[in-house]
Amino acid sequence: MLIDIRILFDNCQGEPAFQSGFGYSCFIKKSYGGILFDTGSNWETLSYNLKLAEIKPPMIKRVVLSHCHKDHTGGLAGIVDLRDDCNIYAGKSWAENLLGEEELKKVNLTLVDSESVEIMNGVYLTGELGEQVKEISLVMDTGGGIIIVTGCAHAGLREIFKKAKEIVDDKIFALVGGLHLKDKKEEEIFDLIDFLKSEGVRYIAPSHCTGDFARKLFKKSFHSGFIEAGVGSRIYIGGSCEY
């Protein structure tokens, strides 16, 4: 099954016409449903990029917020103004105060705890993982392997991968999103690369908080499997990956 991912908010630049900003958001199109994963740090930039990508409000069926940091939640109020009937998924540990009382009456908010949740056929949330910053990652079963989308991967990729394979009994072949490696040393990044390869990851599209140095090492290690991801980038992933 082919998955279509469009990055709508990122501090890494992809397509030059799109506006960059610190934060992360991507739109995932899978068969009949569209998922907005995170909302960046502000509505103005997200709104501009949504229009440029020709993603119209009715296409957004579900919104997933990975964690509480504003660079992932800042555009939510604007989304709610456009689509107050969409389903919003956010962590139970922090999201009860996510919106004002009147806004909460309008939306379908699901508070996600540590248990995994299937939000549409073959698409799952890991549940909240981690200690200091609890975070949700997205797990997609393509029928030919697992794709994982992360906001910042605060919980660590080993924990995220472990949970993903408990949800779907298959190999993980693609990883997209922020990996929070900007302060990691070279040996730590190479150790992570060895782990990813041992898990069968073939394609990686790191951006946002991954850091330029880590992205450079990923590119060197994954060769054609490295995807230069940034705002405006469009990634097609299925049994094979092209961008």
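The structure displayed is predicted, hence computed values, not measured ones.

**Remarks on the environment of I35**
Within the secondary structure, I35 sits in strand β3 (residues 33-37). In contact with I35, not counting residues within four places along its chain, are C26, F27, I28, R62, V64, I119, M120 and V123.

**Quick look at the packing of aromatic side chains**
Taken as a whole and assessed by the stated rule, the structure comprises three aromatic pairs. Ring centres of F161 and F195 lie 5.5 Å apart, and the angle between their planes is 50°; on these two criteria the pair is classed as tilted. With F161 in helix α5 (residues 157-167) and F195 in helix α6 (residues 186-198), this pair connects stretches of sequence that are 34 residues apart. Owing to a relative accessible area of 14%, F195 belongs among the buried residues under this scheme. The lysine or arginine in question, R158, covers the ring of F195, its NZ or CZ lying 4.7 Å from the ring centre.

**Focus: the layout of surface pockets**
Taken as a whole, the largest pocket holds about 280 Å³ of empty space. As for the largest pocket, its lining consists of 13 residues, of which G156, L179, H180, L181 and K184 are closest to the centre. Mapped by element, the contributors of at least two residues to the lining of the largest pocket are α5 and α6. A per-class count over the lining of the largest pocket returns six nonpolar, three polar and four charged.

**A short note on the side chain of H72**
With respect to the secondary-structure elements, H72 resides in helix α2 (residues 70-73). Only 3.2 Å separates the side chain of H72 from the side chain of H208, close enough to count as a polar contact. Excluding residues within four positions of it along the chain, H72 makes contact with Y24, D38, T39, G40, L65, S66, H67, G151, C152 and H208.

**A word on the sheet that holds strand β10 (residues 146-150)**
Taken in spatial order, the six strands of this open sheet run β7-β8-β9-β10-β11-β12, and their pairing is mixed. Two strands bound the open sheet, and with one partner strand each, they are β7 (117-120) and β12 (203-207). Strand-to-strand twist of the sheet, defined as the mean angle between neighbouring strand axes without regard to direction, takes the value 20°. Sheet analysis places strand β9 (residues 138-141) next to β10, joined by four bridges and oriented antiparallel. Paired with V139 across the strands is I148, a residue of β10.

**Observations regarding the confidence of the model for the protein chain**
Residues with a pLDDT of 70 or more make up 95% of the protein chain, whose mean pLDDT is 92. Ranking the elements of the protein chain by mean pLDDT puts strand β14 (residues 241-242) last with 44 and helix α1 (residues 43-52) first with 98.

**As for the packing of α6 against helix α7 (residues 212-222)**
Running from N to C, α6 and α7 point in directions that differ by 40°, and their axes come no closer than 10 Å. Regarding the angle of α6 to α7, the classification is oblique. Two packed elements cross with a definite hand, and for α6 against α7 that hand is right-handed. Contacts from E186, I189, F190, L192, I193, L196 and K197 of α6 reach α7 at F213, A214, L217, F218, S221 and F222. Residue classes in the contact of α6 with α7 are distributed as 10 nonpolar, one polar and two charged.

Reading guide: rules and limits
- Residues numbered from 1 in each chain as written.
- Predicted model: local features only at pLDDT ≥ 70, side-chain atom pairs only at ≥ 80, totals over all residues.
- Heavy atoms only, no water.
- Helix = DSSP H or I, 4+ residues; strand = E, 2+ residues; numbered from the N terminus.
- Contact = heavy atoms within 4.5 Å.
- Phe/Tyr/Trp six-rings, centres within 6.5 Å; stacked < 30°, edge-to-face > 60°.
- Buried < 20%, exposed > 50% of the residue type's maximum accessible area, 1.4 Å probe, protein only.
- Lys NZ or Arg CZ within 6 Å of the ring centre and 35° of its normal.
- 1 Å grid on protein atoms, 1.4 Å probe; cavity = no way out; pocket = protein on both sides within 12 Å on 5 of 7 lines; lining within 4 Å.
- Points joined across faces, edges and corners; volume = space filled by probe spheres on them.
- Nonpolar A, V, L, I, M, F, W, Y, C, P; charged D, E, K, R; others polar.
- Polar contact = N/O pair within 3.5 Å; in protein donor to acceptor, adjacent residues only side chain to side chain.
- Pairing = 2+ DSSP bridges.
- Axes fitted to C-alpha atoms, helices over the stretch in contact; angles between N-to-C directions.
- pLDDT = per-residue confidence, 0-100.
- Parallel < 35°, antiparallel > 145°, perpendicular 65-115°, else oblique.
- Left-handed = near helix turned anticlockwise from the far one by under 90°.

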